[in-house]
Amino acid sequence: DLVIAIDSSGSITEAGFDILKEFALKLVARMMAPVQVGVVLFGNGKLDLETNIVSDAKVVTDNLEGDMEGVVKKIDGMIIHKGFTNMAQAFTTSKSVLTYARKHAEAVVLLLTDGRPSFKFQTTAALKSLRQSARVMIAHVQANRKDDIVELLKGYASEPWSRNYRHIPGKKKLASAYDS
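This structure is a prediction, so every number in the text was calculated from the model and none was measured.

Participant: Got a minute to help me understand the pattern of salt bridges in this structure?
Facilitator: When charged atoms on two side chains of opposite charge get close, those side chains can pair. All told, the structure shown has six salt bridges when counted by the stated rule. Among the salt bridges present, the one from arginine 102 reaches aspartate 1, with a minimum N-O distance of 2.6 Å. Remark: aspartate 1 occurs in the segment before β1 (2–7) and arginine 102 occurs in the loop between α3 (87–97) and β6 (108–113); sequence separation between them is 101 residues. A relative accessible area of 33% places arginine 102 in the partly exposed class. Taking the shortest distance from any N to any O, the salt bridge between glutamate 65 and lysine 74 comes out at 2.6 Å. One network of salt bridges, with partners in common, ties together Asp62, Glu65 and Lys74.

Pasting the structure below:
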């Protein structure tokens, strides 16, 4: 069972977000029963100045769904939020969605992002918890990636990182390779 966590942060343009959405749509359209898919939208984080709490990632689907046409419609309706790149919330919310996974299915979280987490300590803690029950895959979609961020994201991906971390050299490259 798969949770796709899609970055909606301020570092992604609206055109770039549309490309990430389209990629997720194409991916979900390839899924078949008995696979279940959930979608989490992160990067919507805003800091509440009164409570000092960052808003949660949003679950776009009804947790995990087997109706791929329904999932596609929900992805298509997403809008960019331009908040913090709060990967910690993405991982925490994805773990919550995976509580609805089938008992004998592999649980996988695919993170679609263009870069660095806003809160490294919280992200590492959330990731450690998620990895106890799920495989973490990362699609790093960025043309000019920085070596320190690459190493960080490789470390976030499940072992072996070579099977669970993919660099896609920019959103335009991703758009031109949807079907490959």
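On we go.
Participant: Can you walk me through the packing of α3 against helix α4 (residues 120–131) in this structure?
Facilitator: Two quantities define a packed helix pair, namely the angle between the axes and the distance from one axis to the other. Two elements in contact, α3 and α4, have axes whose closest approach is 8 Å; the angle formed by their N-to-C orientations is 20°. The angle between the axes of α3 and α4 places the two elements in the roughly parallel class. Two packed elements cross with a definite hand, and for α3 against α4 that hand is left-handed. In contact with Met87, Ala88, Phe91, Thr92 and Lys95 of α3, α4 contributes Gln122, Thr123, Ala126, Leu127, Ser129 and Leu130. Class assignment for the residues of the contact of α3 with α4 results in six nonpolar, four polar and one charged.

Participant: I tried to follow the packing of α4 against helix α5 (residues 147–156) on my own but got confused; where do I start?
Facilitator: Interhelical geometry of α4 versus α5 gives an angle of 30° and a closest axis separation of 11 Å. One element, α4, and the other, α5, form an angle in the roughly parallel class. Of the residues in α5, those touching α4 at Lys120, Thr123, Thr124, Leu127 and Arg131 are Leu152, Gly155 and Tyr156. Classifying every residue of the contact of α4 with α5 by side-chain character gives three nonpolar, three polar and two charged.

Participant: Explain the packing of aromatic side chains to me, please; I cannot follow it from the model alone.
Facilitator: Aromatic ring pairs are defined here through the distance separating the ring centres and the angle between the ring planes. Scanning the entire structure with this criterion turns up two aromatic pairs. Ring centres of phenylalanine 91 and tyrosine 156 lie 6.3 Å apart, and the angle between their planes is 90°; on these two criteria the pair is classed as edge-to-face. Separated by 65 residues along the polypeptide, phenylalanine 91 in helix α3 and tyrosine 156 in helix α5 bring together distant segments of the chain. Of the two residues examined, phenylalanine 91 and tyrosine 156, each falls in the buried class. Measuring from centroid to centroid gives 6.4 Å for tryptophan 161 and tyrosine 165, while their planes differ by 65°, and the two rings are edge-to-face.

Participant: What is the right way to read unusual backbone geometry from this model?
Facilitator: A negative phi angle characterises most non-glycine residues, just as the trans form characterises most peptide bonds. Cis rather than trans, the peptide bond between alanine 33 and proline 34 has omega equal to 10°. Mapped onto the elements of the fold, proline 34 is located in the loop between α1 (14–29) and β2 (37–42). With phi around 60°, asparagine 63 is a residue other than glycine that occupies positive phi space. Owing to a relative accessible area of 22%, asparagine 63 belongs among the partly exposed residues under this scheme. Although it is not a glycine, lysine 82 adopts a positive phi angle of roughly 60°. Here lysine 82 shows up in the loop between α2 (68–76) and α3. Judged by its relative accessible area of 43%, lysine 82 is partly exposed.

Participant: How should I be thinking about the sheet that holds β6 in this particular structure?
Facilitator: Each strand in a sheet pairs with another by means of backbone hydrogen bonds, the pair being arranged parallel or else antiparallel. Taken together, six strands build an open sheet; the order of strands is β5-β2-β1-β6-β7-β8 and the sheet is mixed. Since the sheet does not close on itself, it has two edges, and those belong to β5 (58–59) and β8 (165–168), each with one partner. Sheet topology note: the β6/strand β7 (residues 135–141) ladder contains six bridges and is parallel. Looking at β7, one finds that leucine 111 is bridged to isoleucine 138. Along the sheet, α3 makes contact with β1, β2, β5, β6 and β7, crossing β2 at roughly 155°.

What counts, and at which threshold
- Residues numbered from 1 in each chain as written.
- Predicted model: local features only at pLDDT ≥ 70, side-chain atom pairs only at ≥ 80, totals over all residues.
- Heavy atoms only, no water.
- Salt bridge = Lys/Arg side-chain N within 4 Å of Asp/Glu carboxyl O.
- Helix = DSSP H or I, 4+ residues; strand = E, 2+ residues; numbered from the N terminus.
- Buried < 20%, exposed > 50% of the residue type's maximum accessible area, 1.4 Å probe, protein only.
- Axes fitted to C-alpha atoms, helices over the stretch in contact; angles between N-to-C directions.
- Parallel < 35°, antiparallel > 145°, perpendicular 65-115°, else oblique.
- Left-handed = near helix turned anticlockwise from the far one by under 90°.
- Contact = heavy atoms within 4.5 Å.
- Nonpolar A, V, L, I, M, F, W, Y, C, P; charged D, E, K, R; others polar.
- Phe/Tyr/Trp six-rings, centres within 6.5 Å; stacked < 30°, edge-to-face > 60°.
- Pairing = 2+ DSSP bridges.

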